[in-house]
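Structural characterization, general
Each chain, written out:
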Amino acid sequence: SGGGPGGGPDGDPDGGLSSSAGAEGEGDPSEDADFARVADPTMGVRAEPSTEETSTGGSKRSEADGAVAEEPAKDAPPKRAIVEFGLRSSLRSAWVRIGRSGRPFAVDPTAERRVSAGTRTIYWKRAADDVWVDGGRFVLAPGRRTRIRLTRQGPERE
């Protein structure tokens, strides 16, 4: 059919450049396949490799090329330490902060926190409206429980 009054073939006013092809089945199927390939955002994205448990407690990860990489076993030491705070002497309550930007919490009469292992500075104060005092640096071992008692002189390792 030779261009109708609209200018394009089959009377299409925009010269066959419309995104809707009209009735189903019209148009070149290869153009639709190209459009689907471009429009699908998941095309070309590599899927996560599957993971399966091994008998050693670790997990195998199958990669795209068929090689299998061994991940470390779950028995690896944790990266966090447990710190238990308690009160000594005549203190009834106290406030503690681990590190300069740590979140303050009350010790009344005990408190326990999980923190990143390493050397940490403990700040403390007797009352909520007191000034923070540097209580010293403490080594917190990963996976271990450290007990710190708060006295009138400051925190002490127990």
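Below is a short write-up of the structure. Quick caveat, the model's predicted, so the values are computed rather than measured.

As a further point, take the nonpolar core. One finds Phe85, Val96, Ile98, Phe105, Val107, Ile122 and Leu150 to be the most contacted residues of the largest nonpolar core, which totals 18 residues. For this core, the secondary structure elements donating two or more residues are β4 (80-87), β5 (94-98), β6 (105-107), β7 (110-116), β8 (118-125), β9 (133-140) and β10 (145-151). In terms of residue count, β4 provides more of this core than any other element does, four residues in total. Aside from chain neighbours lying at most four places away, what touches phenylalanine 105 is Phe85, Ala94, Trp95, Val96, Ile98, Ala111 and Arg113.

The next point concerns the sheet that holds strand β11 (residues 154-157). A sheet is described by the order of its strands in space; here four strands give the open sequence β7-β4-β10-β11, paired in mixed fashion. The sheet is open, and its two borders are formed by β7 and β11, each paired with just one other strand. Each adjacent strand pair in this sheet contributes to an overall mean axis angle of 30 degrees, direction not counted. As paired elements, β4 and β10 share six bridges and run parallel to each other. The residue of β10 that forms the bridge with leucine 87 is leucine 150.

Before going further, it helps to examine the sheet that holds β5. Strand order across the open sheet formed by four strands is β6-β5-β8-β9, with antiparallel pairing between neighbours. The strands lining the two open edges of the sheet, one partner per strand, are β6 and β9. Taken pair by pair, the neighbouring strands of this sheet meet at an average axis angle of 35 degrees, ignoring direction. As defined by bridge partners, β8 adjoins β9 across six bridges and the pair is classed as antiparallel. The partner of arginine 120 across the bridge, within β9, is phenylalanine 138.

What follows deals with the pattern of salt bridges. Charged atoms that come close allow side chains of opposite charge to pair. Scanning all chains against the criterion turns up six salt bridges. Between arginine 145 and glutamate 84 there is a salt bridge whose closest N-O contact spans 3.3 Å. Here arginine 145 is found in strand β10, whereas its partner glutamate 84 is found in strand β4, with 61 residues between them in sequence. Assessed through its relative accessible area of 42%, arginine 145 is described here as partly exposed. Note on glutamate 84: relative accessible area 15%, which makes it buried. Here glutamate 84 makes a salt bridge to arginine 147, at a shortest N to O gap of 3.7 Å. With glutamate 84 in strand β4 and arginine 147 in strand β10, this pair connects stretches of sequence that are 63 residues apart. When salt bridges with common partners are traced through the structure, they connect Glu84, Arg88, Glu112, Arg145, Arg147, Arg149 and Glu158 into a single cluster.

What counts and how
Residues numbered from 1 in each chain as written. Predicted model: local features only at pLDDT ≥ 70, side-chain atom pairs only at ≥ 80, totals over all residues. Heavy atoms only, no water. Core = buried A, V, L, I, M, F, W, Y, C linked by side-chain atoms within 4.5 Å. Buried < 20%, exposed > 50% of the residue type's maximum accessible area, 1.4 Å probe, protein only. Helix = DSSP H or I, 4+ residues; strand = E, 2+ residues; numbered from the N terminus. Contact = heavy atoms within 4.5 Å. Pairing = 2+ DSSP bridges. Axes fitted to C-alpha atoms, helices over the stretch in contact; angles between N-to-C directions. Salt bridge = Lys/Arg side-chain N within 4 Å of Asp/Glu carboxyl O.

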